Amino acid sequence: MSAKGKGEQEESTNLPADRFLDREISWLSFNERVLELAEDPTIPLLERTRFLAIFSSNLDEFFMVRVAGLKRRLATGIAVKAASGHHPRAVLGGIWDQTRALVHRQSRCLHDHIVVDLASEGIEIPRWADLTIDEADATTELFRTEIFPVLTPLAVDPAHPFPYISGLSLNLAVVVRNPQSGTELFARVKVPPLLPRFLQVSPNRFVPLEDVIAEHLQDLFPGMEILQHHSFRVTRNEDVEVEEDDAENLLDALERELNRRRFGPPVRLEVENTMDPYVLDLLMRELEVTKDEVFSVQGPLDLSGLQAIAALPREDLKFPTFLPKTHPMLAEVETSSPPDVIAAMRHRDILLHHPYDSFATSVQRFLEQAAADPQVLAIKQTLYRTSGDSPIVDALVDAAEAGKQVLAVVEIKARFDEEANITWARTLEQAGVHVVYGLVGLKTHCKLSMVVRRDSDGLRRYTHIGTGNYHPKTARNYEDFGLLTADPAVGEDVADLFNQLSGYARATDYERLLVAPHSVRTGLIKRIHREIDNHKKGLASGIRIKINAIVDEACIDALYLASQAGVQVEIFVRGICAVRPGIPGLSENIKVRSILGRFLEHSRAFVFINGGDPEVWIGSADLMHRNLDRRVEALVRIDNPAHVLEVSEIFDVAFADTTTAWHLQGDGQWIRRIGEVDLQEKLIATHTRRQQL
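Residues numbered from 1 in each chain as written. Predicted model: local features only at pLDDT ≥ 70, side-chain atom pairs only at ≥ 80, totals over all residues. Heavy atoms only, no water.

A. View of the sheet that holds strand β7 (residues 266–272). In spatial order, the strands read β1-β3-β2-β6-β7-β8; together these six strands make up an open sheet with mixed pairing. Since the sheet does not close on itself, it has two edges, and those belong to β1 (153–156) and β8 (294–297), each with one partner. If you compare each strand with its neighbour and ignore which way they point, the axes differ by 30° on average. Looking at chain direction, strand β2 (residues 170–177) and strand β3 (residues 184–190) are connected through seven bridges and run antiparallel. Within the sheet, the bridge partner assigned to Arg177 lies in β3 and is Glu184. (Pairing = 2+ DSSP bridges. Helix = DSSP H or I, 4+ residues; strand = E, 2+ residues; numbered from the N terminus. Axes fitted to C-alpha atoms, helices over the stretch in contact; angles between N-to-C directions.)

B. Structural context of the domain arrangement of the protein. Here the protein is partitioned into domain 1 (14–125), domain 2 (134–240 + 268–299), domain 3 (341–502) and domain 4 (513–690). Between the C-alpha centres of domain 1 and domain 2 there is a distance of 26 Å. Between domain 1 and domain 2, the residue contacts involve 19 residues of the former and 22 residues of the latter. In total, domain 1 and domain 2 occlude about 1,800 Å² of area from one another, counting both sides; carbon and sulfur atoms represent 54% of this. It is Met64, Trp96 and Glu124 that lose the most area in domain 1 upon contact with domain 2, and together they represent 30% of the buried surface on that side. The interface formed by domain 1 and domain 2 contains four salt bridges. In this structure, Asp60 and Arg233 form a salt bridge, with 2.8 Å as the shortest nitrogen-oxygen distance. Linking domain 1 with domain 2 are nine residue pairs in polar contact (both at pLDDT 80 or more), by the criterion used here. (Domains from an automatic or database assignment. Contact = heavy atoms within 4.5 Å. Buried area = accessible area lost by both parts, 1.4 Å probe. Salt bridge = Lys/Arg side-chain N within 4 Å of Asp/Glu carboxyl O. Polar contact = N/O pair within 3.5 Å; in protein donor to acceptor, adjacent residues only side chain to side chain.)

C. Structural detail: the packing of aromatic side chains. Considering all chains together, one arrives at ten aromatic pairs under this definition. Between Phe162 and Phe186 the ring centres are 6.0 Å apart and the planes differ by 15°, which places this aromatic pair in the stacked class. Of this pair, Phe162 sits in the loop between β1 and β2 while Phe186 is found in strand β3, placing the two residues 24 residues apart along the sequence. Here Phe162 matches Phe186 in class, with each residue buried. Among the aromatic residues, those joined into a ring-pair cluster are Trp27, Phe30, Phe62, Phe63 and Phe295. (Phe/Tyr/Trp six-rings, centres within 6.5 Å; stacked < 30°, edge-to-face > 60°. Buried < 20%, exposed > 50% of the residue type's maximum accessible area, 1.4 Å probe, protein only.)

D. Region of interest: the environment of Ala360. Mapping Ala360 onto the fold places it in helix α12 (residues 360–372). For Ala360 and Pro391, which are 31 residues apart along the polypeptide, the C-alpha to C-alpha distance reads 9.2 Å.

E. View of the UniProt feature "domain: Polyphosphate kinase C-terminal" (unreviewed entry) in the protein. Summarizing the sequence annotation, UniProt attributes the feature "domain: Polyphosphate kinase C-terminal" (unreviewed entry) to residues 341–506 and 513–672 in the numbering used throughout. A helix fraction of 31% and a strand fraction of 29% characterise residues 513–672, whose end C-alpha atoms lie 36 Å from each other. (UniProt positions renumbered as here; feature names shortened; annotations may be inferred.)

F. Geometry of the packing of α12 against helix α13 (residues 391–401). α13 packs onto α12 with a crossing angle of 15° between their chain directions and a minimal axis gap of 8 Å. On the basis of the axis angle, α12 is roughly parallel to α13. Crossing geometry of α12 relative to α13 is assigned as left-handed. Residues Gln364, Leu367, Glu368 and Ala371 of α12 touch α13, and the partners they reach there are Pro391, Ile392, Ala395, Asp398 and Ala399. Of the residues that constitute the contact of α12 with α13, the class distribution is six nonpolar, one polar and two charged. (Parallel < 35°, antiparallel > 145°, perpendicular 65-115°, else oblique. Left-handed = near helix turned anticlockwise from the far one by under 90°. Nonpolar A, V, L, I, M, F, W, Y, C, P; charged D, E, K, R; others polar.)

G. Broad picture of the pairing of strand β18 (residues 543–547). Most of β18 is tucked away, with five of its five residues classed as buried. On β18, burial covers both faces: Ile543, Ile545 and Ile547 on one face and Arg544 and Lys546 on the other are all buried. With four bridges joining them, β18 and strand β22 (residues 604–608) adopt antiparallel strand pairing. By the bridge assignment for β22, Arg544 is matched with Val607.

H. Seen up close, the side chain of Ser603. If you trace the backbone, Ser603 turns up in the loop between β21 (600–601) and β22. Under the relative-accessibility criterion, Ser603 is labelled buried at 0%. A polar contact is formed between the side chain of Ser603 and the side chain of Glu479, at a distance of 2.8 Å. At a separation of 2.9 Å, a polar atom in the side chain of Ser603 contacts the side chain of Lys546. Apart from the residues within four sequence positions on either side, Ser603 is in contact with Thr467, Glu479, Asp480, Phe481, Lys546, Ile547 and Asn548.

This is how it looks when you write it as structure tokens:
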């Protein structure tokens, strides 16, 4: 189905060619905002340390997927200009330049601020030379008993070809000399990934693991002279590609592809800035990386390992402890027994806002009670990402073992969670759950749960539709919406969608859902144009969007047309944003804000003022091509006026001048403006107060 009608296409062609920001550079700007949190002295110290680690792991994934994709397109000759007008080669050059500046800024933040501030709080990250004699002796003993047995030095000479360097592994490049012949030789030692990244050498003192190995290289190369050693790390293309049409069994095909993932081509080489030019040249030559792909920084490398430091039990250096609260509609004050979630849903819709509203006492309890309820006949569930010890999976297993019909639509292609998903998909199958893997060519990203129960007045469907994954652990740190409802229209819509996912049904019309790839883009654009019409008629108009990323050109063009017509547009985005706000004649009525903090802003919400009768949708879809064209996504319309007001008030706070947020400029620059209000802290206070009423 065409995303645009003929009239809309003609209007879009009149828009300026340079109206889109580049998505890759916009992503780097997002990670820069994460880095700014690490640099912010008003944030608790261990939280800043955690943000520094998140910056590193984010960058790893960006190179493994996005940079690898750009390089692949260039190598295959299918590179075409992006919507921003930039050729992939120019984009790649911009990525390298901007990334280089960011990683040097990260290094300065670590060494000039984080390490110094941690030391002032009694937490130290010394290098080997800074250890006391007692610490060095104890660590040497630890090396010999726990580390040395798992190390494998790999020589490079005519009889030993250059070893394969696995993606994201930390390594030591070692140059040794044979004292008898004087010959210099190269060897590689892999730092074991299963050992702690930082070894505790005494209370609150942690030394990098590679320092310990480097100090004891003589044990690995006895009789040789150790001339030099340097840390390095390789990032490879680790995006998984599976041709579903050719795969008789998607599970087996994906397992084979995951095994091949380890051998993707290198896309980045990180080295310590003390590395000898001869060693660097050897690595570049053997790994076939260019000078642009080399990132030389002050060690230690791989700062994602700082997560272990951030997890230290120093609550005085962290955000104040927050415990999610049971939603008031699910809180029983008269009894100690858990409230009946299904009974509560029978009386009213319940809008959940995680992590402020507890996932465990709402969504998780809903499924656990359904599994144990003898009146429940069937449970249908989508699973995109969940934890290995998930109570959600346990509930589905319990339900199947109790004889209920249980369907799990599992997306085993959820990036970087594929292996875990394969494992628990097989666990579900063994318990008798009907496991299906969605539709060929489409990832199943929608967040749906449906329970069919025999009530006293007949069968009734109880559903949950959310914006986040059924993952109890991330639900404590991810901000998401969810709707618990027994509304028959929603139940019928969700039942039809499950039938489409598991069988041959091809329903595309729904009463309270918008479903990608058929109707999310077209449905949203239709409503954007309705706001334009309302504004022209003098009726109340406005568009508010909360999203993780917005790059879809058709949707952005519709928003530009709305702005040109005078409609006020507010976009609350966490990550990538290709919209250029504030451009006279194009987007002067568009405001873009980004808020990052202790919780990851993950929900998707769409508010249309609709002539004074606001229409609100929540769901799983970001405004990206992959979500709108290559995934099954679902948005549900919120009908309860109190819920409409609750979602709208979040936008009110986010866009208030008194709220701390990043403001996007028309040239792609983000400016952080510190206000009196922190959105997330305000919501914590609001939900705590609501619980006490």
